[in-house]
Amino acid sequence: MEKTVFEKIIANELPATKVFENERLIAIKDIAPAAPVHILIITKKRIPSIQKMETDDLPLLQEVAKVAQNLAKENGVEECYRLLTNCGTDAGQTIFHLHFHLIGGRPLGPMA
Ligand code: AMP
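## Section: the environment of glutamate 23
1) Next: When you line up the elements, glutamate 23 lands in the loop between β1 (18–21) and β2 (25–29).
2) Next: Note: C-alpha distance between glutamate 23 and lysine 45 (22 residues apart in sequence) is 9.7 Å.

Given below as structure tokens:
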């Protein structure tokens, strides 16, 4: 199976601005930011989407939340940010490797 863009970034085969990394997660700046702060928190394990997570994977969500809290604080957006994952093409998912968008740095308004 061909590597996802994120697997290539994790393997240092593609450049990215890394802002966090541990054994299980990596966080990078989004290449096409939707706001002044737009960070992707990516599982190193290739999981196609949140819908495909197995029970054993679920502790990753706790870690994603903690990393998001820390990155929000480091980027000064802890009072106003959005943390989301797109699941499925019709929801806007384009890379089928689990990741969470941390978006902030401007007033975000309602989702719609
Ligand atoms: P999604 O549409 O939810 O699957 O999100 C994929 C995100 O990855 C988009 O916001 C893209 O801008 C971003 N993206 C795609 N390629 C790269 C890359 N090489 N480096 C950083 N972000 C990327």
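## Notes on the nonpolar core
1) Next: If you look at the biggest cluster of nonpolar residues, it comprises 17 residues, and the most contacted ones within it are Leu25, Ile39, Ile41, Leu71 and Leu102.
2) Next: If you list the elements that add at least two residues to this core, you get β2, β3 (37–43), α2 (59–74) and β5 (99–104).
3) Next: Broken down by element, the residue count for this core peaks at 6 residues, all from α2.
4) Next: In contact with isoleucine 41, not counting residues within four places along its chain, are Leu25, Ile26, Ala27, Val64, Val67, Ala68, Leu71, Leu83, Leu98, His99, Phe100 and Leu102.
5) Next: Grouped together as the second largest cluster of nonpolar side chains are 7 residues, Phe6, Ile9, Ile26 and Ile42 included.

## A word on the site of the ligand
1) Next: The full set close to the ligand counts 16 residues, and Asp30, Asn86, Gly92, Thr94 and His101 are the nearest of them.
2) Next: Threonine 94 is positioned such that a nitrogen or oxygen atom in its backbone is 2.8 Å from an oxygen atom of the ligand.
3) Next: Across the complex, the protein chains shield 83% of the 510 Å² of accessible surface that the ligand would expose by itself.
4) Next: Counting residues per element, the ones that place at least two in the shell around the ligand are α1 (5–10), β2 and β5.
5) Next: Here the shell around the ligand is composed, by residue class, of 8 nonpolar, 6 polar and 2 charged.

## Notes on the sheet that holds strand β4 (residues 81–84)
1) Next: Spatial ordering of the open sheet is given by β1-β2-β3-β5-β4, a layout of 5 strands whose pairing is antiparallel. Strands at the two margins of the open sheet, each flanked by one partner only, are β1 and β4. For this sheet, the mean angle separating the axes of adjacent strands, direction not counted, is 15°.
2) Next: Of the strand pairs in this sheet, β3 and β5 are connected by 6 bridges, and their pairing is antiparallel. Counterpart to isoleucine 41 in the pairing with β5 is phenylalanine 100.
3) Next: Across the sheet, α2 lies against β1, β2, β3, β4 and β5, angled at about 155° from β3, the strand it touches most.

Cut-offs applied
Residues numbered from 1 in each chain as written. Predicted model: local features only at pLDDT ≥ 70, side-chain atom pairs only at ≥ 80, totals over all residues. Heavy atoms only, no water. Helix = DSSP H or I, 4+ residues; strand = E, 2+ residues; numbered from the N terminus. Core = buried A, V, L, I, M, F, W, Y, C linked by side-chain atoms within 4.5 Å. Buried < 20%, exposed > 50% of the residue type's maximum accessible area, 1.4 Å probe, protein only. Contact = heavy atoms within 4.5 Å. Near = heavy atom within 4 Å. Polar contact = N/O pair within 3.5 Å; in protein donor to acceptor, adjacent residues only side chain to side chain. Areas by Shrake-Rupley, 256 points an atom, 1.4 Å probe, with all protein chains shown as cover. Nonpolar A, V, L, I, M, F, W, Y, C, P; charged D, E, K, R; others polar. Pairing = 2+ DSSP bridges. Axes fitted to C-alpha atoms, helices over the stretch in contact; angles between N-to-C directions.

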